[in-house]
Structure formats: structure tokens, C-alpha cells
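Remarks on the overall topology
What follows is each chain in one-letter form.
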Amino acid sequence: MTEKLLNRMVSEFKTVAAGPPSRSPSLHAILDRTPDSERAHHSSRDGDSFEGKGKSADRNAESWKLKHDVIRAVNELIEDINSCHEQIAEQSVELIHQNEILLTFGRSRTVREFLCAAKEKRRSFHVFVAEGAPKYQGHALAKDLGARGLQTTVITDSAVFAMISRVNMVVVGVHAVMANGGVIGPVGLNMVALAARKHAVPFVVVAGPHKLCPLYPQNPQVLLNEMRCPSELLQDGEFSDCMGVCNGSGNPLLNVVNPAFDYVPPELVSLFITDIGGYNPSFVHRLIADYYSADDLDLQKRTTS
Amino acid sequence: MDPRRAPRTVSDPKVRKVGFFTDPPDRSLPGPPNHPISSFPTSPPSTVDNSPPSAGNSLSPVMIPPPRHSSSILSPLRRDPPEFFPLPASPTASTTFSDDVASTMKGRGVAAASSSLPGGLLFDIAASSVPASGLTTVSVVNNLPIGIFEKGGGVAVEMQDDQSSRSKSLKEKTTKAERRALQEAQRAAKATAKAEDGKTPAAASGAAASVKSGKSVKPPPSQKNDSAALAALEKKAGDRPPEKDRKKEVPQPRMQFDDKSRVEKAKRRAVVKQTEARNRVELFRHLPQYERGTQRTELQSKFFELDPVHPAVYKVGLQYLYGDICGSNARCIAMLQAFQEAIKDYSTPSEKTLARDLTAKIGSYLSFLIECRPLSISMGNAIRFLKNRIAKLPLTLSELEAKATLRSDIDRFINEKIILADKVIVKHAVTKISDGDVLLTYGSPSAVEMVLLHAHELGKQFRVVVVDSRPKLEGQLLLHRLVGKGINCTYTHVNAISYIMHEVTRVFLGASSVLSNGTVYSKVGTACVAMVAHAFRVPVLVCCEAYKFHERVQLDSLCSNELGDPDVISKIHGREDINFLDGSTNSENLQLLNLIYDATPSDYISMIITDYGMVPPTSVPVIVRDYRREHLWI
């Protein structure tokens, strides 16, 4: 996530960095430029007579200005993240109508705001919340929604296929939106998306712009995943006799797999709702150009200059 | 130089007749070679005309007459009157269902003969609960299996004719008196049927249907003289099996709990008072849901007042209520063994016949069990079998002999339908496991567990992925047993199946039942596993004994299901830190839903492994309909 946050900051640097037009605005360009900013600055200011004493003063002033700008940009980013929920929620009234049944998975603040905005517009609908094991965040979301007056029902994740035949729309929040339009979400989301596709139920992803990631996923189930602690699934006390058992070649007989994330391919997603409107998964790669510079896709890269 | 080739006959673009058409009778001969295009529509009818001249004259080329297999099978068997009764007793334990077609043929004939008691379930009650004194028709119908064989060949010949037209004309031949007698019989039966009907949402598939459709078939308009009427009645009852049973097999819609009047009536008859759950999900108003806490205390306090309930049955009921017995095979075996005990301690009161009184008693035990937990489909089939056996007890047996026969019948049912069936399933299924396989299973199905253990004993090298889900977490029990036997296991949660499916080679699932449209009705979550396996192109094999098949159909998981205790959703076993929902179960906007079953569409299933062999899901209605007589001994 921090990688994505940093990537996101580059968009601000575009406007902040008063870079010379010859170099395209990018984080790396700025970082490379800072040590010799004095030189560049000096070279661009032909005829500037502030040579010796002016140099150090300029350097301090410029680095201070840069820091100030960066801090301002980060604050703006935080603002954006906090306010994107409202802009997304405004679009909910176009998608949710009377007497609908919606399904959501796990917990997402964006989804909560989305649903509550529709409720405020006097649309009456029912929400099924799948609990989202092993974190069970769905319980928290259901409690919030119930407190806000929406008709909510909590179901287990295994009941998703059973219920989806009656559902009109699936609305979920995700962790990240990849450049091809696929999404990385809480584990179990692929199962929900497949069930929705089977029953021709629209699968709507609500995501703020900070979730956008410029990477194209390559084997995302393994490479973009995290393994969580197995004790969330199995209590050690009951399985202590099994835990240490090994077969002949020394491999343990019992493995517990607890992935944290799930990848949903773009063909299963019907619509993305962002603060700037609704988009198809195939359009996402255009949005990336608005927020990211092509040089910054690899954070570890060091430009040779 | 090539000789000039003969000019091809010009294909005159004749206008082709499209759609169904009947061939005029004068065009019976094939005649001169027709034009290639125009010969297409004409030659099939000409061949049809030639081959079955008697039957096919009015048929268009695309219509194939339905097979007359039912009558053709029945007819030779009707000529063997003395053989039919000993037959149900003869199949020994060594007879497996996959071989010995001859016995199935005989069995089917027997069953067809005896199925002149339509439906086999409540009509028996109808026949039995009516005082037999003055109703000749009822007694004729009751004794029909014997009567019809005394008629012998005459009736057999009748059988071969077109069933539908005959039955219609025969219906009209019963006299008014007979009709009224039958109607009274049904009305009396309906009163007792209602008690059961209200209590068996899942199991009354053929039950009340037999009463209701019996009523609809019975009142025919016209009348005839008595001798013809009696013969006609026997004929009618004789050809009732294929025709009427097909109709009776339409299962009556189960009791819908959102129908207020019926719920009220059922409540008045309830053995135990149950308060309905307050916070119910709207979509599931048609299913019963009760407050779990009060249910248990009520049952416990009522023990000494529940005189009719045998202690063995009471014990099994409590085990269902507390969830000690889970899994359709286990529940079915427990129930049948409890009934065995009850039959052992049963003694016929004076002035009552064993068959009728015992059936009524079984009915009352069933009501009790249903109040503890709704019946599963396999249990419903077992009950139908038992009631049928009771009804078919020969009247000449003494009470002791009858009870012994029944108990041995139950033993044989359990042995052949469950235990031996499982052995056959295991034998078939291990052929589908090869070295290096990664097998995935969901929950804790008993049949699949046996398959895995047997394959491991045979020395096959494979890995197992056990997928589990809330709230029951049954997979952990299976995991314990497999790891204890030394099988390499991976354990995961149902949400992670997309992650784990790429390394899986086969999926083995268990089923609570398989319905007639190929839908697999099993523990909730099975549909998700099958769907993801299908998306990853992994074959899905369902292991299910044939006695669990049912003629019901279902499209989705909501039409018929079971609602469990919603409070277990909010409490997470082993993770006490997660308690978001504590105390909010009573809020008016928030409901918890605990579904027990779900329906997996048949297109996700590659194969069903039963004791009849390995069949595709489309073969299930064949087994239910055509083999049902013999496989449930009805």
C-alpha cells in the first residue's frame, strides 16, 4: 500500500516541480535533480550574478520550497482520499433503485457511504453482507449499516452462491485496481465475482483514485498476495497433535493456507465507480496516465544520469 | 477422350415442405428415384410407412413414438403370479445393484404390480384407516396385488394397449357407490395426513399427493353395471401403475410456512410448542425458524408428557436438536435404528391391526423428529420405504413374525442401501484417483472420506486439500482423521478456493441428495466450490448413494432449504476478539441468516458416483423413475 501511496505522490510532484521543460516530470527526475538543482538552477538563470554567497542561500531556499510544496501536496492527497467517498456516493442514486437487493463483501468505507447516500435519497433496499472470513469485517459493516437504518442481513461466505440468485447488484470495495482493470480485493472476492457472472448480476467496484495502481498483474494470486497467520483458521490447541507430524521425507503433513488477497480478472468486473465517474475495466489504463508518469513504475529503479 | 458423362438429373428446385407433415397414405411405396432435394422430405416418411405400418402411419418423420417399455416389461411378469411375493425377500446381501439385470427386471415387475397401491405412502394409510367393513372397493384395491394375478393373462393382455386412452375410459366405469367410498376413505385419510403434512415439509413428497391426486382421479362421471365395473376396476387398478404413478410422482409442494392458516393448523397439532424466531429474513418466510433456546427447554420439560414417543426416538430427536448427529447417512441410520427399537417394544392394541396402528405410531414419531429438526431427503426416502414395508406385510403373519420381518427389513435397508452402497462407491471412486493427484474436498462428507482412506490404503500417492467453512467448521473433523491416517493435507477456508484451485486435479464432493433435474443438494458452500472448480476446468465428482435421489426438482437454493440457528453466525469459535455483532441480534434492521443447504446446478458436476455406477447428472431421473420400484423396494 505504501508503494501505491508513494506512486500517488508523483502526481503531485508534477505540478510542484518547476522542472525545466526538457526533462519530463517524474519523481526520479526530481530526486536526481535535487543534488544538482543548484547547478541546473544556476544554468537556467543565465546572467544571474549571485554566485558565491547566493549559492548556499539559493540552495536552502529551494530545498525549503520543495519541502513545503511536498507537504502541501501530501495534505492535498489526504484530503482527496477523505473526500472521494462523497463524490462516489453521489453516483449511488443512479445505480440503486427501489426494492433492490444488494450484496457486498467484507468491509469498505466507500461502500458504506455509497449505500447510505442511496438510503438518504429514500430508496428502500436490502443489503446482504458476506462476513469475509477470516477477518470477519463484514460483521462490523453490517452493524454500521444496521445502525444507520438500512435493512441488513449477515450471511456466511459459503452462502454467497445460494443467495446470489436473488441479488440485483454486487457492490464491493477493493484494495487496489490494477492497470488492466482487474482488482485486488479481500480473499473470497473472486468467488463472489464468478457467482455474479454466472447469474448475470452486475459486479460494481467502488474505488477512489488512490487505489489505482499502474502495474499489470502477472500471476497475481501468488505475487500480489500475502499469507496470514494460520491460527486464524485453526486453533493450535485442537491441532497440536497434528501440527508436528511429518511424513517420511520430513515434510509436515498439515499445511494451512490463509491468503489475504484475491485477484478478480477484468472480465468479471462490470463497472468501476470512481470520483470522476463510472468506467469500464478496459478504460482504467487511460486513467493511469493522468496520475502516474511512465518513469515511475519501478520504484527501485535508479536513473543513470 | 472421355466419353461424355451422362447428364446429371437436374435438381429441380422443388419447394421443400418445412415442419411436421404427415405423409398421405397413398405414397407408401418408395417409387422411382426421387430428386435429391425433394427426396429428402419424402423418403423418410416412406420408410416410416413401410416399417411399422400399424403404428406409424400418422407420424411425421421427426416424431418418434415414445417407447412402450413400461408395458412391455410389465406384461411378461404379470404371467408369473406365484413368483411375485417371495421376490422382495429373495435378494440376498450379495446381490449388488450394478449387476443382475434379471433381478431388476423382476423387481420392477413386482413393484409395478404392487404399485397398484399408488404412491405407496398415504394411500396405504387411506386404505388402512378406513374401517374395512362395508367398503368393497377399498378392500378390492387393497388386495389387488393378489387379485390381479388371479386374473392372470386377461389383464396382462390389457396392459399392452395404449395406457392413456384406456385409463381414461376405465375411470368412467366405476360406480357412484365406489367413488363415494373412495372419497370417504380419502377424506378420513386427509385428517391424519394433515398432521403429517404440516410437519413434513421435506419428506411429504409423495404423501399428500397420493391423497389429493387420488381424489382427482377417482371421481369419474359415468356409471356402468356392476360386473363390468368390477372387472374394469381391476383393469383400471392394473394399469394404474405406470400411468397414475407417473402422476402421483409429482411431489406435492411442501408446506410453505408463510401461509398463515396452515401454520396455525399445524401449530395446534404440534407436540411441542415452539415460538417462531422474531427476527426473520423476508426471503425465507416460507421456511420454519424457531427460537432455539426455548426449543430445547420445551422438549426437555415435555419428556414425561410425551407418552407416545419411544425413548429411543426421543434420544435421537435430542441428538438432532443439539447437532450431535450430522450428515444425512448418520441421521438416517440413527433414525432407522431408533425405529427398530420402537418396533421391538411395540405391541398391537386390541381391535387394531398391526399395519395401521404401527403406521400411525411411526407417523407420530416422525412428527416429533421433525420438530427437533426438519427431515433430510434421505430420511424421507427411508420413511417411505418403511411405511411401504409395513403396508405390504402379509396379513397372515403373527405379531411377532411381523415385527421380526420389519426389523430385518430395516437391517437390510441399512446394509444394502447405505453400507454396501458406500463400498461400491468407494470401489468405483478409487479408480479415479491416480498417483500425484491433488484432491479437494469440502466439509466432511462420509462417502468421500471413505474413498480417500481406501485410496491411501491401496498405496496411492496423493494430497488432499480440505476446504472448510463457517459456522460448523466440519472440515476440521475430517482433517483430524486424515492426518491421523498419514495423508498429506492442506487446510483452507472456502474464501481461498480461488487461490488453491490452480493446483487441484480433482474435486470430490458429497451430497445430501441429488434431485431429478441433476441439481445436487448439499451443504452450503458446495455450490461455490463446484463453480470455482468449473471455472478452473477441474473435474467435479459427487459421491452419493442412490437412496438419496429424489424426484423433486429445484432451481435455486431458496425454494427449499433449512434455516439453522442464526446466533452461531455472530459467535466465532476460537476468535473471541471478534465480537462486532454481540448484542445486535435483536436490532430491527439487522438479521443473521444461517443457511444449511444449497443447490449446485448440474452443469458444474462432471460425474455422480453411486452404487449404480458412475453416471452423469442427467441419469438421476432415470434412476429415480425407472429403478425406483426396485431400489427403494416400494
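Residues numbered from 1 in each chain as written. Chains lettered and ligands numbered in written order. Predicted model: local features only at pLDDT ≥ 70, side-chain atom pairs only at ≥ 80, totals over all residues. Heavy atoms only, no water.

Rule in force here: UniProt positions are given in the numbering used here, feature names are shortened, and annotations may be inferred rather than shown by experiment.
Chain B has the name Translation initiation factor eIF2B subunit delta in an unreviewed UniProt entry, where Salix purpurea is given as its organism. Recorded under Sequence similarities (unreviewed entry), the UniProt text for chain B is reproduced unchanged: "Belongs to the eIF-2B alpha/beta/delta subunits family." In its Subcellular location (unreviewed entry) section, UniProt records this for chain B: "Cytoplasm, Cytosol".

Going by what an unreviewed UniProt entry lists, chain A is known as Translation initiation factor eIF2B subunit beta and is assigned to Salix purpurea. UniProt lists a comment for chain A under the heading Sequence similarities (unreviewed entry), and it reads "Belongs to the eIF-2B alpha/beta/delta subunits family."

Quick word on the overall build of chain B
Spelled out, the test is: Helix and strand assignments come from DSSP, with helices taken as H or I runs of at least 4 residues and strands as E runs of at least 2, each series counted from the N terminus. Burial classes follow relative accessibility: with a 1.4 Å probe on protein chains only, a residue under 20% of its type's maximum area counts as buried, one over 50% as exposed, and anything between as partly exposed. Two residues qualify as a contact provided that any one of their heavy atoms is within 4.5 Å of a heavy atom in the partner residue. Shrake-Rupley sampling with a 1.4 Å probe provides the accessible areas, and residues are treated as covered by the protein chains on show and by no other component.
What chain B contains, in helices and strands, is 26 helices and 11 strands. Out of the 634 residues in chain B, the part that is buried amounts to 55%. Across chain B, the fraction of contacts at a sequence separation of at least 24, relative to all contacts at a separation of at least 6, is 81%. Taken as a whole, chain B presents about 27900 Å² of accessible surface, with 57% of it coming from carbon and sulfur.

Thoughts on the overall build of chain A
From N to C terminus, chain A includes 12 helices and 11 strands. Of all 305 residues assigned to chain A, the portion counted as buried reaches 50%. Here the analysis covers contacts within chain A between residues at least 6 apart in sequence; of these, 78% occur between residues at least 24 apart. A total of about 14300 Å² of accessible surface is found on chain A, and carbon and sulfur atoms cover 53% of it.

Some points on helix α6 (residues 109–120) of chain A
Residue and element names in this part refer to chain A. What counts is decided by this rule: Under the convention used throughout, the expected extent of a helix is 1.5 Å for every residue step, that is, one less than its residue count. Polar contacts, as counted here, are pairs of nitrogen or oxygen atoms within 3.5 Å of one another; within protein the pair requires one atom able to donate a hydrogen and one able to accept it, and residues that are adjacent in sequence qualify only if both atoms are side-chain atoms.
The terminal C-alpha atoms of α6 lie 16 Å apart, and with 12 residues this matches the ideal 16 Å at 1.5 Å per residue to within 8%. Regarding α6, the residues found buried are Thr 110, Val 111, Arg 112, Phe 114, Leu 115, Cys 116, Ala 117 and Ala 118. At the N-terminal end of α6, a side-chain oxygen is found 3.3 Å from the backbone nitrogen of Thr 110, two or three residues along, and the residue is Ser 108.

Some details on the pattern of salt bridges
Formally: Salt bridge, as used here, is a side-chain nitrogen of Lys or Arg placed within 4 Å of a carboxyl oxygen of Asp or Glu.
Applying the stated criterion across every chain, the model contains 18 salt bridges over all chains. Its salt-bridge partner being Arg 72 of chain A, residue Glu 76 of chain A comes within 3.6 Å of it at the nearest N-O pair. Of the two residues, Glu 76 of chain A and Arg 72 of chain A both sit in helix α4 (residues 52–90), 4 residues apart, roughly one turn of that helix. A salt bridge links Arg 373 of chain B to Glu 562 of chain B, with the shortest nitrogen-to-oxygen separation between them at 2.8 Å. Here the residue Arg 373 of chain B occupies a position in the loop between α17 (354–372) and α18 (377–391), and Glu 562 of chain B occupies one in the loop between β7 (540–543) and α24 (567–570), the gap between them amounting to 189 residues.

Structural notes on the sheet that holds strand β1 (residues 100–105) of chain A
As a reminder, the rule being used: Whether two strands pair depends on DSSP finding at least two bridges between them. With axes taken as lines fitted to C-alpha atoms, and helix axes fitted only over the stretch in contact, angles between N-to-C directions fall between 0 and 180 degrees.
Spatial strand order, β11(A)-β10(A)-β7(A)-β4(A)-β1(A)-β2(A)-β3(A)-β8(B): 8 strands in an open sheet with mixed pairing. Both outer strands of the open sheet, β11 (277–279) of chain A together with β8 (590–592) of chain B, are each paired with one neighbouring strand and no more. Each strand of the sheet is rotated relative to its neighbour by a mean of 25°, with strand direction disregarded. Strand direction decides the pairing type here: β1 of chain A and strand β4 (residues 169–173) of chain A, joined by 2 bridges, are parallel. Within β4 of chain A, the residue paired with Leu 102 of chain A across the bridge is Met 169 of chain A. Against the sheet, helix α7 (residues 137–147) of chain A engages β1, β2 (125–130) and β3 (151–155) of chain A together with β8 of chain B, with an angle of about 160° to β2 of chain A. Lying on the sheet, helix α9 (residues 189–198) of chain A is in contact with β1, β4 and β7 (203–206) of chain A; it crosses β7 of chain A at an angle near 140°.

Brief notes about the packing of aromatic side chains
All names here are of chain B. Where we set the bar: Ring pairs are drawn from Phe, Tyr and Trp, using the six-membered ring of Trp, whenever the two centres fall within 6.5 Å, and their geometry is named by plane angle: stacked under 30 degrees, edge-to-face over 60, tilted for the rest.
Applying the stated rule across the entire model yields 7 aromatic pairs over all chains. Ring geometry for Tyr 314 and Phe 368: centres 5.7 Å apart, planes at 25°, overall stacked. With Tyr 314 in helix α15 (residues 311–322) and Phe 368 in helix α17, the pair connects residues that are 54 residues apart, well separated along the chain. We note that Tyr 314, like Phe 368, is buried. Ring geometry for Phe 339 against Tyr 365: centres 6.1 Å apart, planes inclined by 20°, an arrangement best described as stacked. You can see Phe 339 sitting in helix α16 (residues 328–344) and its partner Tyr 365 sitting in helix α17, a full 26 residues away along the chain. By relative accessible area, Phe 339 is classed as buried at 0%. A relative accessible area of 5% means that Tyr 365 is categorised as buried. Aromatic rings pair up to connect Phe 385, Phe 413 and Tyr 547 into one cluster.

Structural notes on the pairing of β7 of chain B
Looking along a regular strand, one sees the side chains alternate between the two faces of the sheet. All names here are of chain B. Along β7, one buried face is formed by Val 540 and Val 542 and the opposite face, lined by Leu 541 and Cys 543, is buried too. Relative to β7, strand β4 (residues 506–510) runs parallel, the two being bridged by 4 bridges. Paired with Phe 508 across the two strands is Leu 541, which belongs to β7. As defined by bridge partners, β7 adjoins strand β10 (residues 607–610) across 3 bridges and the pair is classed as parallel. By the bridge assignment for β10, Leu 541 is matched with Met 607.

Some details on the side chain of Glu 232 of chain A
Its place among the elements puts Glu 232 of chain A in the loop between α10 (220–223) and α11 (236–243). Using a relative accessible area of 16% as the deciding quantity, one classes Glu 232 of chain A as buried. A distance of 2.7 Å separates polar atoms of two side chains, one belonging to Glu 232 of chain A and the other to Arg 228 of chain A. When residues no more than four places from it in sequence are discounted, the contact partners of Glu 232 of chain A are Pro 134 and Asn 258 of chain A together with Arg 575 of chain B.

Quick look at the packing of α9 of chain A against helix α23 (residues 526–535) of chain B
Helix-helix packing is described using two parameters, namely the angle between the two axes and the distance between the axes. Test applied: An angle below 35 degrees is treated as roughly parallel, one above 145 as roughly antiparallel, one from 65 to 115 as roughly perpendicular, and anything else as oblique.
One way to put it is that α9 of chain A packs onto α23 of chain B with a least axis distance of 10 Å and a crossing angle of 85°. Overall, the two elements α9 of chain A and α23 of chain B adopt an arrangement that is roughly perpendicular. Judged by residue contacts, Met 191, Leu 194 and Ala 195 of chain A of α9 of chain A engage Cys 528, Met 531, Val 532 and Ala 535 of chain B from α23 of chain B.

Observations regarding helix α19 (residues 399–429) of chain B
Three- or four-residue spacings in an α-helix give side chains the same orientation, since the helix completes a turn every 3.6 residues. We count it as follows: The reported bend at a residue is simply the angle between two axes, fitted to the 7 residues ending at it and to the 7 residues beginning with it.
The terminal C-alpha atoms of α19 of chain B, which comprises 31 residues, lie 43 Å apart, in line with the 45 Å expected from a rise of 1.5 Å per residue. Of all the bends in α19 of chain B, the greatest, near 35°, is centred on Ala 421 of chain B.

Description of the environment of Glu 341 of chain B
Residue and element names in this part refer to chain B. As for its position among the elements, Glu 341 is in helix α16. Residues Glu 341 and Arg 407 lie 66 residues apart in sequence; the distance between their C-alpha atoms is 8.6 Å. In contact with Glu 341, other than residues within four places in its own chain, are His 310 and Ala 312.

A few points about the side chain of Ser 513 of chain B
Residues and elements named next belong to chain B. Position of Ser 513 relative to the elements: it lies in strand β5 (residues 513–514). For Ser 513, a relative accessible area of 0% puts it in the buried group. Residues contacting Ser 513, with those up to four places away along its chain left out, are Ile 377, Thr 519, Val 520, Tyr 521, Lys 548 and His 550.

Topic: the nonpolar core
Heads up, the condition is: Take the buried Ala, Val, Leu, Ile, Met, Phe, Trp, Tyr and Cys residues and link them wherever side-chain atoms come within 4.5 Å; each set so joined is a nonpolar core.
Ranked by internal contacts, the top residues of the largest apolar core, which has 86 residues, are Val 170 and Phe 203 of chain A together with Val 507 of chain B. Among all residues touching Val 507 of chain B, those that are not within four sequence positions of it are Leu 440, Met 501, Val 529, Ala 533, Val 538, Pro 539, Val 540 and Leu 541 of chain B. In terms of nonpolar packing, the next biggest core, distinct from the first, is built from 42 residues, Ala 334, Phe 339, Phe 368 and Leu 393 of chain B among them.

Focus: the packing of α16 of chain B against α19 of chain B
Residue and element names in this part refer to chain B. Threshold: Less than a right angle of anticlockwise turn of the near helix away from the far helix marks a crossing as left-handed, whereas a clockwise turn marks it as right-handed. Under the convention adopted here, Pro, Cys and the residues Ala, Val, Leu, Ile, Met, Phe, Trp and Tyr are nonpolar, Asp, Glu, Lys and Arg are charged, and Gly plus all remaining residues are polar.
Where α16 meets α19, the axes come as close as 9 Å, and the angle between the chain directions of the two elements is 165°. On the basis of their axis angle, the class for α16 and α19 is roughly antiparallel. The two elements α16 and α19 cross, and the hand of that crossing is left-handed. Every residue of α19 that contacts α16 at Asn 329, Cys 332, Ile 333, Leu 336, Gln 337, Gln 340, Ile 343 and Lys 344 is listed here: Lys 403, Leu 406, Arg 407, Ile 410, Asp 411, Phe 413, Ile 414, Ile 418 and Asp 422. Residue classes in the contact of α16 with α19 are distributed as 9 nonpolar, 3 polar and 5 charged.

Brief notes about the interface of chain B and chain A
Selection rule: Note: buried area is the sum, over both parts, of the accessible area (probe 1.4 Å) each one loses when the two are combined.
Listed per partner, the contact involves 57 residues of chain B and 58 residues of chain A. When chain B packs against chain A, the two sides together hide about 4900 Å² of surface, and 63% of this comes from carbon and sulfur. When the buried surface of chain B facing chain A is broken down by residue, Asn 495, Tyr 499 and Phe 580 of chain B rank first, second and third, together holding 15% of it. Arg 470 of chain B is paired through a salt bridge with Glu 131 of chain A; the nearest N and O atoms lie 2.8 Å apart. There are 21 residue pairs in polar contact (both at pLDDT 80 or more) connecting chain B and chain A. Every element with two or more residues in the side of chain B that touches chain A is listed here: α21 (475–485), β3 (488–493), α22 (497–500), α23, α24, β8 and β9 (597–600) of chain B. The biggest single contributor to the side of chain B that touches chain A is β3 of chain B, with 6 residues.

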